[in-house]
Amino acid sequence: MIDKKYYPIIVSAFAAAVLTTVPGLKSFACCLLVPGASVFALFLDKKMNGFSQDIKASKALITGLLTGILLAIMSSSLEIFITFILKSNELTVALPEVEILMTQMELGPVSDEIVGLLRKISDEIIRSGFSPTFAFFLFLSNIVTNAIFGMLGGLLGMTLINRNSQQE
């Protein structure tokens, strides 16, 4: 069974993961939703456990890190699932423009390799709805960025919650 102390992290990560599937909010996932989920997790933890003392930086960083990693796993899984159902995603839609951009940049063989890889990923998604390469890079990039922004959100949440509790 999951320990009760992880409930705020799970709840906030799931809520933010669902919000990352909304097309307009998806662009703000790394800089708003991930830190916001970490702040919300700390807030829920403080309300649930009723700590009278200030939140320490180590707790804030760990909460932010765990929220970011769990959010990355959940949001990546949701995006892969939606891609599987629709057999399309932002990459398949934007590939023609990316190809034009890459040829204009005149990078030579590097450009050809990148476009070839993107075409392979797009073809796999259109054909079967799943690309292992896409899934790997999506998980990897989400885990790295969400972990970093989650820890920053944890520190921000610590500052806000501690300042708010000192004023009361």
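Student: Talk me through the state of the cysteines; I want residue IDs and the actual numbers.
Tutor: What the rule picks out here adds up to zero disulfides. Among the cysteines around Cys31, which has no disulfide bond, Cys30 carries the closest sulfur, lying 4.4 Å off. In this structure Cys31 comes out as partly exposed when scored by relative accessible area, which is 41%.

Student: Give a description of a nonpolar patch on the surface that names residues and reports values.
Tutor: On the surface, a nonpolar cluster with roughly 650 Å² of combined accessible area is contributed by Leu117, Phe136, Phe137, Leu140, Val144, Ile148 and Leu152. Among the elements that line the nonpolar patch, the one with the most residues is helix 7 (residues 132–167), at six residues. With respect to the secondary-structure elements, Phe137 resides in helix 7. Judged by its relative accessible area of 44%, Phe137 is partly exposed.

Student: How would you sum up the confidence of the model for the protein? Please name residues and give values.
Tutor: The share of residues in the protein with pLDDT of 70 or more is 98%, and the mean pLDDT across the chain is 92. Here helix 2 (residues 23–26) is the element of the protein with the lowest mean pLDDT, 82, and helix 4 (residues 57–86) is the one with the highest, 96.

Student: Give a description of the nonpolar core that names residues and reports values.
Tutor: The tendency in soluble globular proteins is for nonpolar side chains to be buried side by side. One finds Ile80, Leu91, Leu95, Leu118, Ile121, Ile125, Phe134, Ala135 and Leu138 forming the largest nonpolar core, which totals nine residues. Within the residue set of this core, elements represented by two or more residues are helix 5 (90–105), helix 6 (109–128) and helix 7. Contacts of Leu91, omitting those with residues within four sequence positions, involve Leu118, Ile121 and Ser122. Ala13, Ala16, Ala17 and Leu71 belong to the second-largest nonpolar core, a separate cluster that totals six residues.

Rules used throughout
Residues numbered from 1 in each chain as written. Predicted model: local features only at pLDDT ≥ 70, side-chain atom pairs only at ≥ 80, totals over all residues. Heavy atoms only, no water. Disulfide = S-S within 2.5 Å. Buried < 20%, exposed > 50% of the residue type's maximum accessible area, 1.4 Å probe, protein only. Patch = residues over 30% accessible without salt bridge, like charges linked within 9 Å, V, L, I, M, F, W, Y side chains within 5 Å. Areas by Shrake-Rupley, 256 points an atom, 1.4 Å probe, with all protein chains shown as cover. Salt bridge = Lys/Arg side-chain N within 4 Å of Asp/Glu carboxyl O. Helix = DSSP H or I, 4+ residues; strand = E, 2+ residues; numbered from the N terminus. pLDDT = per-residue confidence, 0-100. Core = buried A, V, L, I, M, F, W, Y, C linked by side-chain atoms within 4.5 Å. Contact = heavy atoms within 4.5 Å.

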